[in-house]
Amino acid sequence: MPTHLLDDLDAWRKAWLDARNDPDGFWLRITHDLIAWRRQPSRGLDGSYLTLREGPITWFADGTLNVTESCIDRHAQAHPDKVAILWEGDEPGDVRRITYAELLDLTSRAANVLLEAGIQKGDRVIIYMGMVPEAAIAMLACARIGAIHSVVFGGFSAEALRDRVRDCAAEVVITQNVGLRGGRTLPLKATVDQAIQGESSVRRVLVLHRAPAPDTHLHPLRDLDWHQALAAASPVCPPVECAAEDPLFILYTSGSTGRPKGLLHTTGGYITYVAWTHRQVFGLQPDDIYACMADVGWITGHSYIVYGPLANGATTFMFESTPTYPDAGRYWDMVERHRLSIFYTAPTAIRAIAAQGDAHVTRYDRSSLRVLGSVGEPINPEAWRWYHDVVGEGRCPVVDTWWQTETGGICISPLHGATPTKPGAATLPLPGIIPALLDGDGHLIWGPGEGYLCLEHPWPGQARTVWGDHDRYIATYFSAYAGRYFTGDGCRRDADGYHWITGRVDDVLNVSGHRMGTAEFESALQSHDSVAEAAVVGFPHPIKGQGVYAFVVLQPQAETPDAFFDDLNRLIREHIGAHARVDRFQLAPALPKTRSGKVMRRILRKIVEEQPEQLGDLSTLADPQVVQALLAGYIPA
Ligand code: WT7
């Protein structure tokens, strides 16, 4: 049985070898078992990493389905009163429980509202919301009618939202009048208004009234009130039959260069992969109360708050607030009150709470906890031990799950107690995942060693392309090492074959688990009249994982008022969003460049990592003196 839980290392090894020797058979058995297909697929993978120019790879190409039947209908039939979404709002104790029967009703109504707004299969809908159940319902409503959703994290600015609306030519935006987070009010609807001002593809805005707010303005011809529209809509909406490779969603993410890319995930392979990995990694049991603290604006929220858990018929928890509101005990307060059994969060949250002292944890009853998960960035052994020993009282396995927006689901991770763990290691690849470490010359590293992490063979959950730019997809991920997917991460493999992710090796920053491109920061900084040039790099930060360090070269004769750096951070907030800011600025006379004019970030990185003795070869610099000036002006924490 493909769906039985892999519960020891031998079971893992057998499954891993099965998947490697016969990937089609392996995944077909799993998808037949876990997913409600309309027409069962007979094909596994078509295409390869070497044939991407001819078109994206496909999985299960002759199957048809609608993912909402897997995520809702069959559970609404089998156990209508089981809680599908357990939600806690910003204020402790503000709780909602939505059963599978209710989820079917609400999703169908929302789908009918979209149909009435003229949305058809293949059309794009942007969801710009906080962590409310309606965000999940909006995603599922799109899936119900074959529309493609693109969730934009509620912290992004109007400008960032506008870019995404434009890139995918969205016709509907779903938002809230305001968002609530950590006792603060976020003007989501006002930001949407700003983003779609002027000429826009957007014809309708659906607005959830989250809380009383004085000045939300509904445009009479364009905007609809969520509650009114759903109340008037039919609670029955037949699911649209989709091909396995029809798009399910677009999710924008930052890379080393240029604007964020819209990664496209499709239907049959994605739902198979997230359902299966959710089950295996967490060792899901029918009565689990499963809680992932991510935001639906990121891939973790898509795969492991919404699609994976619901496909498995689980109770999934949604949390609107922050780990430190009203105090650093909030998570464990909720663990006690809701009897949460699986708890999945990010290292940055663990470090932030640990810094506030153990008492915030120990004053709550955590006996319901069974498995603890970590995601988003490397977890340092100290934080891992605190999570394991203090939060989990030494009895809950910690699964450190490595994956990416691009991979769709977890790729390297221990399995729920089946895999012996080591603090700080993502351990072993899941069945279907074949990691390869390469050195700088593109040679494979066998056995223990450290190198660039690639993955060898396609798996069903992988993003198929970049929306509207398949060439960019190939160039970004498949051109560094022919025939392999390049992850952008560095990785060490130890003598036990365990994987230790060392972090990004490209110009991508990971600040508090938020993925941001240095290029996005630099373009925001350069939009200031006084800035001639800017270069941004990450530096090690005790809580956030990485902080942001900006080297700024002024225009000749530029004035720098007292609030200059605040102005620069305001620009960054406008261009990117409230989650982006520079921690440390250094005014620099010039940037270190090669003779051909390329900024040498390697050198800047060494300077901010406080390793000036390891600057390496400076002979290729156009002006080696620049480095001395930068070292002299370095701003320590
Ligand atoms: C990047 C992907 C995976 C969902 C959330 C982030 C880093 C992620 C781990 C981990 C070490 C990790 C990598 C990766 N990362 N999980 N367990 N250990 N690093 O998705 O925003 O696409 O970011 O996050 O650097 O490339 P994302």
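Residues numbered from 1 in each chain as written. Predicted model: local features only at pLDDT ≥ 70, side-chain atom pairs only at ≥ 80, totals over all residues. Heavy atoms only, no water.

Trainee: How should I be thinking about the overall build of the protein in this particular structure?
Mentor: For the protein, the helix and strand inventory stands at 19 helices and 32 strands. Along the first, second and third principal axes, the C-alpha atoms of the protein reach 70 × 60 × 60 Å. Burial statistics for the protein: of 637 residues in total, 60% are counted as buried. Taking all contacts inside the protein whose residues are at least 6 apart in sequence as the whole, residues at least 24 apart take part in 72%. Taking the average place of the 58 positive charges on the side chains of the protein and the average place of its 75 negative ones, the gap between the two points comes to 1 Å. (Helix = DSSP H or I, 4+ residues; strand = E, 2+ residues; numbered from the N terminus. Buried < 20%, exposed > 50% of the residue type's maximum accessible area, 1.4 Å probe, protein only. Contact = heavy atoms within 4.5 Å. Lys, Arg positive; Asp, Glu negative; His and termini not counted. Charge placed at Lys NZ, Arg CZ, Asp CG, Glu CD.)

Trainee: Would you mind going over the environment of A291 with me for this structure?
Mentor: Assignment of secondary structure puts A291 in strand 17 (residues 289-292). The class for A291 is buried, based on a relative accessible area of 0%. In this structure the C-alpha to C-alpha distance between A291 and T348, which are 57 residues apart in sequence, comes to 17 Å.

Trainee: How do you make sense of empty space enclosed by the protein when you look at a structure like this?
Mentor: Take a probe with the size of a water molecule and roll it over the atoms, and the empty space left behind shows itself. Considering all chains together, one arrives at four cavities of 30 Å³ or more under this definition. Taken together, A19, R20, P23, W27, G432, I434, H457 and P458 make up the lining of the largest cavity. When residues of the lining of the largest cavity are traced back to their parent elements, those giving at least two are helix 1 (9-21) and helix 2 (23-34). Residue classes in the lining of the largest cavity are distributed as five nonpolar, two polar and one charged. (1 Å grid on protein atoms, 1.4 Å probe; cavity = no way out; pocket = protein on both sides within 12 Å on 5 of 7 lines; lining within 4 Å. Points joined across faces, edges and corners; volume = space filled by probe spheres on them. Nonpolar A, V, L, I, M, F, W, Y, C, P; charged D, E, K, R; others polar.)

Trainee: How do you make sense of the side chain of T191 when you look at a structure like this?
Mentor: Along the chain, T191 turns up in helix 7 (residues 188-195). Ignoring anything within four residues of it in the chain, the contact list for T191 reads Y128, F156, S157, A158 and L161.

Trainee: Please clarify how the sheet that holds strand 1 (residues 37-39) should be interpreted in this entry.
Mentor: Across a sheet, strands are paired by hydrogen bonds formed along the backbone, either parallel or antiparallel in direction. Read from one edge to the other, the open sheet built from three strands follows the order 1-4-14, with strand pairing classed as antiparallel. Every other strand in the sheet has two partners, leaving strand 1 and strand 14 (242-243) as the edge strands with one partner each. As judged from the two bridges shared by strand 1 and strand 4 (residues 64-65), these two strands associate in the antiparallel manner. Residue pairing for strand 4: R39 is matched across the bridge by T64. (Pairing = 2+ DSSP bridges.)

Trainee: I'm lost on the layout of surface pockets in this one. Help?
Mentor: Its boundaries defined by the atoms lining it, the second largest pocket holds a volume of some 340 Å³. Lining the second largest pocket are 20 residues, and of these W16, P435, W446, R493 and H499 lie nearest its centre. Among the elements of the structure, helix 1, strand 22 (435-438) and strand 23 (444-445) are those that each provide at least two residues to the lining of the second largest pocket. Among the elements that make up the lining of the second largest pocket, the one with the highest residue count is helix 1 (four residues). Here the residues of the lining of the second largest pocket sort into 13 nonpolar, three polar and four charged.

Trainee: How should the sheet that holds strand 27 (residues 499-504) be read in this particular structure?
Mentor: The strand order across the open sheet built from five strands is 23-22-24-26-27, with neighbouring strands paired in antiparallel fashion. Single-partner strands in this sheet number two, and they are strand 23 and strand 27. By the bridge criterion, five bridges tie strand 26 (residues 485-493) to strand 27 in an arrangement that is antiparallel. Directly across from G490, in strand 27, lies its bridge partner G503.

Trainee: Would you explain the site of the ligand in this entry?
Mentor: Around the ligand sit 17 residues, and of these D400, T401, T405, D489 and R515 come closest. G376 places a polar main-chain atom, nitrogen or oxygen, 3.1 Å from a nitrogen atom of the ligand. With respect to the ligand, the side chain of D400 contributes an N or O atom lying 2.7 Å from a nitrogen atom. Here the ligand, which alone exposes 550 Å², has 95% of that area covered by the protein. Looking at the shell around the ligand, the elements that each hand over two or more residues are helix 10 (299-311), strand 21 (398-401) and strand 27. Per-class residue counts for the shell around the ligand are six nonpolar, six polar and five charged. (Near = heavy atom within 4 Å. Polar contact = N/O pair within 3.5 Å; in protein donor to acceptor, adjacent residues only side chain to side chain. Areas by Shrake-Rupley, 256 points an atom, 1.4 Å probe, with all protein chains shown as cover.)

Trainee: Can you help me understand helix 9 (residues 268-282) in this one?
Mentor: Since the α-helix turns once every 3.6 residues, residues separated by three or four places project in the same direction. With 15 residues, helix 9 should cover 21 Å at 1.5 Å per step; its first-to-last C-alpha distance of 22 Å lies within 8% of that length. For helix 9, the tally of buried residues reaches 14 of 15 residues, placing the bulk of the element in the interior. At the C-terminal side of helix 9, G283 shows a positive phi close to 60°. (Expected span 1.5 Å × (residues − 1).)

Trainee: Any chance you could explain helix 1 here in plain terms?
Mentor: Spanning 13 residues, helix 1 covers 18 Å between terminal C-alpha atoms, matching the ideal 18 Å at 1.5 Å per step. As for helix 1, its buried residues are in contact with helix 2.

Trainee: How should I be thinking about the pattern of salt bridges in this particular structure?
Mentor: Pairing between side chains becomes possible if they bear opposite charge and their charged atoms approach one another. Considering all chains together, one arrives at 39 salt bridges under this definition. Between E377 and R351 there is a salt bridge, with its nearest N and O atoms 2.9 Å apart. Placement of the pair is E377 in the loop between strand 20 (371-375) and helix 14 (381-391) and R351 in helix 12 (residues 347-354), with a sequence separation of 26 residues. Of the two residues examined, E377 and R351, each falls in the buried class. Among the ionic pairs, E393 bridges to R395, the shortest N-O distance being 3.3 Å. Several salt bridges converge on common partners, so that one network encompasses E88, R330, D333 and R337. (Salt bridge = Lys/Arg side-chain N within 4 Å of Asp/Glu carboxyl O.)

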